[in-house]
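So you can see what is in the structure, the chains are spelled out below.
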Amino acid sequence: MIENFLRRPQTLGEVAADAVRVIGALSVVVAAIWFDLTDAGVLAFALPGLMVPRFVGARSWFDITCSVTLLVAAWSNVFDLYTSVAWWDLAVHLVCTGVAAALLYVLLARVHILPSQRSERFVPAGAVVVVTAFGLALSAVWEMVEWIGFTFISDDIFVAYGDTIADMAVGGVGALLAGFAVAHLTLLRD
């Protein structure tokens with residue numbers, strides 16, 4: 001995978017994907033200077049996720065989708081969109097959980113834990129089930145991180161039972177949709 005990370009961009013899409021990563025790194029600096037350290041920390045928390053598509057050799061459209069989704073999720077926290085726009089939290093959970101679950105599947109396929117899309121062992125229905133399960137698990141972890149943030153960092157983080165269940169349910173739907181994408185779209189470069 002290190003070869004994928006060190007590989008020079010070959011297409012305009014790959015250059016654009018790398019530009020999104022640069023924007024992600026600059027976002028941390030911008031937040032630290034013009035917002036506050038908690039906001040910078042939230043954006044820094046997204047940085048490893050911006051690197052994963054590059055490491056696994058994701059197609060540029062999938063790479064950009066993953067990276068932009070993570071940055072939107074992080075900046076949404078900085079601008080308080082989760083509390084000021086009623087539907088925003090659910091929309092981000094739907095898309096971000098789906099993207100993260102698909103990316104996790106691709107990562108585990110790249111390291112030969114799961115069958116890759118090109119493998120004879122690849123079963124599309126199995127990919128849908130596994131990606132959905134990943135999304136539900138990631139949703140649970142996401143909600144635990146929110147609870148930890150609320151409990152130990154700031155009571156500004158909104159945590160309520162109904163919100164938690166809704167976020168996890170919508171994340172599961174997003175992961176189910178992403179499972180169909182993994183089953184039927186080529187997510188890795190050749």
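Everything quoted here is computed from the prediction, not taken from an experiment. (Residues numbered from 1 in each chain as written. Predicted model: local features only at pLDDT ≥ 70, side-chain atom pairs only at ≥ 80, totals over all residues. Heavy atoms only, no water.)

(A) Focus on the pattern of salt bridges. Considering all chains together, one arrives at five salt bridges under this definition. Taking the shortest distance from any N to any O, the salt bridge between Glu14 and Arg189 comes out at 3.9 Å. Here the residue Glu14 occupies a position in helix 2 (residues 12-34), and Arg189 occupies one in the segment after helix 8 (161-184), the gap between them amounting to 175 residues. Here Asp18 ties to Arg54 by a salt bridge, and the two come within 2.9 Å at their closest N and O atoms. Here the residue Asp18 occupies a position in helix 2, and Arg54 occupies one in helix 3 (residues 37-56), the gap between them amounting to 36 residues. Assessed through its relative accessible area of 18%, Asp18 is described here as buried. Through salt bridges with shared partners, one network takes in Asp18, Arg21, Arg54 and Asp63. (Salt bridge = Lys/Arg side-chain N within 4 Å of Asp/Glu carboxyl O. Helix = DSSP H or I, 4+ residues; strand = E, 2+ residues; numbered from the N terminus. Buried < 20%, exposed > 50% of the residue type's maximum accessible area, 1.4 Å probe, protein only.)

(B) Representation of the packing of helix 2 against helix 4 (residues 60-78) in the model. Their axes nearest at 8 Å, the elements helix 2 and helix 4 cross at an angle of 15°. By the angle between their axes, helix 2 is roughly parallel relative to helix 4. When the axes of helix 2 and helix 4 are compared, the crossing they make is left-handed. Listed contacts from helix 4 to Gly13, Glu14, Ala16, Ala17, Val20, Arg21, Ile23, Gly24, Ser27 and Val30 of helix 2 are Ser60, Asp63, Ile64, Ser67, Val68, Leu71 and Trp75. Taken together, the residues that form the contact of helix 2 with helix 4 break down as nine nonpolar, five polar and three charged. (Axes fitted to C-alpha atoms, helices over the stretch in contact; angles between N-to-C directions. Parallel < 35°, antiparallel > 145°, perpendicular 65-115°, else oblique. Left-handed = near helix turned anticlockwise from the far one by under 90°. Contact = heavy atoms within 4.5 Å. Nonpolar A, V, L, I, M, F, W, Y, C, P; charged D, E, K, R; others polar.)

(C) Spatial organisation of the environment of Ala181. By secondary structure assignment, the location of Ala181 is in helix 8. Once the C-alpha coordinates of Ala181 and Ala17 are considered, the two residues, 164 residues apart in sequence, prove to be 20 Å apart.

(D) How the structure looks around the nonpolar core. Counting residues in hydrophobic clusters, the biggest one holds 22 residues, and the most contacted among them are Val56, Phe62, Tyr105, Val106, Val131, Phe134 and Val182. Contributions of two or more residues to this core are made by helix 4, helix 6 (88-110), helix 7 (124-153) and helix 8. The leading source of residues in this core is helix 6, at eight residues. Those residues within four positions of Phe62 in sequence are excluded, and the remaining contacts are Val99, Ala102, Leu103, Val106 and Leu187. Judged by nonpolar contacts, the second largest core, of eight residues, contains Val28, Ala40, Ala46 and Ala74. (Core = buried A, V, L, I, M, F, W, Y, C linked by side-chain atoms within 4.5 Å.)

(E) Region of the structure containing a nonpolar patch on the surface. Residues Val29, Ile33, Trp34, Phe35 and Phe79 make up a contiguous nonpolar surface patch of roughly 560 Å² in combined accessible area. On the basis of relative accessible area, Phe79 is assigned to the partly exposed category, the value being 47%. (Patch = residues over 30% accessible without salt bridge, like charges linked within 9 Å, V, L, I, M, F, W, Y side chains within 5 Å. Areas by Shrake-Rupley, 256 points an atom, 1.4 Å probe, with all protein chains shown as cover.)

(F) Expanded view of the state of the cysteines. Going through the model one piece at a time under the given rule, you end up with zero disulfides. No disulfide involves Cys66; its sulfur sits 9.2 Å from the nearest other cysteine sulfur, which is in Cys96. Relative accessible area serves as the criterion here: at 0%, Cys66 is assigned to the buried category. A relative accessible area of 5% places Cys96 in the buried class. (Disulfide = S-S within 2.5 Å.)

(G) The arrangement of the packing of aromatic side chains in detail. Under the definition given, this model contains eight aromatic pairs. Aromatic pair Phe35 and Trp75: ring centres 5.7 Å apart, planes at 70°, arrangement edge-to-face. One end of the pair, Phe35, is in the loop between helix 2 and helix 3; the other, Trp75, is in helix 4, and 40 residues separate them in sequence. On the basis of relative accessible area, Trp75 is assigned to the buried category, the value being 17%. Chaining the aromatic ring pairs together yields one cluster made of Phe35, Trp75 and Phe79. (Phe/Tyr/Trp six-rings, centres within 6.5 Å; stacked < 30°, edge-to-face > 60°.)

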